[in-house]
Amino acid sequence: MPDATDPAAAPAALQPDPSSQAADFYRPESYNAEESVGHMMRRITTMLAQSVANRMSEPSGPTFPQWAPLYKLHLGHATTVAELARECQLDTGAMTRLLDRLEAKDLCRRVRSLSDRRVVNIELTEEGREAARQVPHVLCGVQNEILAGFSREEWLQLKGYLRRLLDNAQALAARGEKNDSVSS
């Protein structure tokens, strides 16, 4: 029987990655979820979403979840449901339902491709283009308000820290995907 105190006896997914330099900031015996970086980031994101939704609250306008695909269409980052789903990190079923709602608000329409009838392109209506043009104004306003009191240097430093967190999270997710494919 393996020794429970031996780290090598733990399942591979629970063993620390020797290539990472994981910090030891959190400990189970003193963990306070409300003080965790993840919890605070989620609260900030939720409050940011609520503020954006309040500013885009016209009855026929896009809701917070709808502005991202609307804006990505406006920028030309996607033209089909699959491309837009990938860009917005949603599954195609969720994207189809979201597009149904945008179409019902007359913000976009689906148009079958003339060159390949299997392909359905998504186009913004004039109302959709106008709503999409407002997105950066609303986002900038809300984010600038959230950053009240920060100096330019602090803002740049914060963005650097967030990029590092994102890089670490992406590396962790990639390791998890690698472990999943190996165990399958």
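Preceding block: the structure.
Residues numbered from 1 in each chain as written. Predicted model: local features only at pLDDT ≥ 70, side-chain atom pairs only at ≥ 80, totals over all residues. Heavy atoms only, no water.

Points about the overall build of the protein chain
Counting its secondary structure elements, the protein chain contains six helices and two strands. Along the protein chain, helices (α) and strands (β) appear in the sequence α-α-α-α-β-β-α-α when read from the amino end. A total of 184 residues make up the protein chain; the buried ones form 20% of that total. Nonlocal contacts in the protein chain, meaning residues at least 24 apart in sequence, comprise 44% of its contacts between residues at least 6 apart. For the protein chain, the exposed surface amounts to about 13600 Å²; the carbon and sulfur share of it is 55%. (Helix = DSSP H or I, 4+ residues; strand = E, 2+ residues; numbered from the N terminus. Buried < 20%, exposed > 50% of the residue type's maximum accessible area, 1.4 Å probe, protein only. Contact = heavy atoms within 4.5 Å. Areas by Shrake-Rupley, 256 points an atom, 1.4 Å probe, with all protein chains shown as cover.)

Considerations on the pattern of salt bridges
Under the criterion given, the structure shown has 10 salt bridges. As a salt-bridge pair, Glu87 and Lys72 come within 3.7 Å of each other at their nearest N and O atoms. In this pair, Glu87 is assigned in helix H3 (residues 81-88) and Lys72 in helix H2 (residues 64-75), connecting sequence segments 15 residues apart. Looking at Glu87, the relative accessible area reads 35%, which means it is partly exposed. Where salt bridges share partners, they join Glu126, Arg129, Glu130 and Arg133 into one cluster. (Salt bridge = Lys/Arg side-chain N within 4 Å of Asp/Glu carboxyl O.)

Some remarks on the packing of aromatic side chains
We describe a pair of aromatic rings using the distance from one ring centre to the other and the angle between the two ring planes. For the coordinates displayed, the defined rule picks out one aromatic pair. With a centroid separation of 5.8 Å and 65 degrees between ring planes, the pair formed by Tyr26 and Tyr31 is classed as edge-to-face. Its relative accessible area of 40% is what places Tyr26 among the partly exposed residues. (Phe/Tyr/Trp six-rings, centres within 6.5 Å; stacked < 30°, edge-to-face > 60°.)

Describing the nonpolar core
By size, the foremost hydrophobic cluster in this structure holds 17 residues, and its most contacted members are Leu70, Leu84, Met95, Leu99, Leu102 and Ile122. Counting only elements with at least two residues in this core, the list comes to H2, H3, helix H4 (92-104), strand E2 (120-124) and helix H5 (126-146). Filtering out sequence-adjacent residues up to four positions away, Leu102 remains in contact with Gln66, Leu70, Leu107 and Cys108. In terms of nonpolar packing, the next biggest core, distinct from the first, is built from eight residues, Leu48, Trp67, Val135 and Leu139 among them. (Core = buried A, V, L, I, M, F, W, Y, C linked by side-chain atoms within 4.5 Å.)

Focus: a nonpolar patch on the surface
Among the surface-exposed residues, Phe25, Tyr26, Tyr31, Val37, Met41, Leu162 and Leu165 lie close enough to one another that they form a single nonpolar patch of about 700 Å² accessible area. Inspection of the secondary structure puts Phe25 in the segment before helix H1 (37-55). (Patch = residues over 30% accessible without salt bridge, like charges linked within 9 Å, V, L, I, M, F, W, Y side chains within 5 Å.)

Overview of H3
Regarding H3, the residues found buried are Val81, Leu84, Ala85 and Cys88. Along H3, the residues classed as buried sweep out an arc of 100 degrees about the axis, all on the same side. In this structure, the buried residues of H3 make contact with H2, H4 and E2. Phi turns positive, to about 55 degrees, at Gln89, one or two residues after H3. (Arc of directions from axis to C-beta.)

Focus: the packing of H3 against H4
Here H3 crosses H4 at 105 degrees, and the two axes come no closer than 9 Å. One way to sum up the angle between H3 and H4 is to call them roughly perpendicular. Between H3 and H4, the residues in contact are Val81, Ala82, Leu84, Ala85 and Cys88 and Thr92, Met95, Thr96 and Leu99, respectively. Across the contact of H3 with H4, the residue classes tally to seven nonpolar, two polar and no charged. (Axes fitted to C-alpha atoms, helices over the stretch in contact; angles between N-to-C directions. Parallel < 35°, antiparallel > 145°, perpendicular 65-115°, else oblique. Nonpolar A, V, L, I, M, F, W, Y, C, P; charged D, E, K, R; others polar.)

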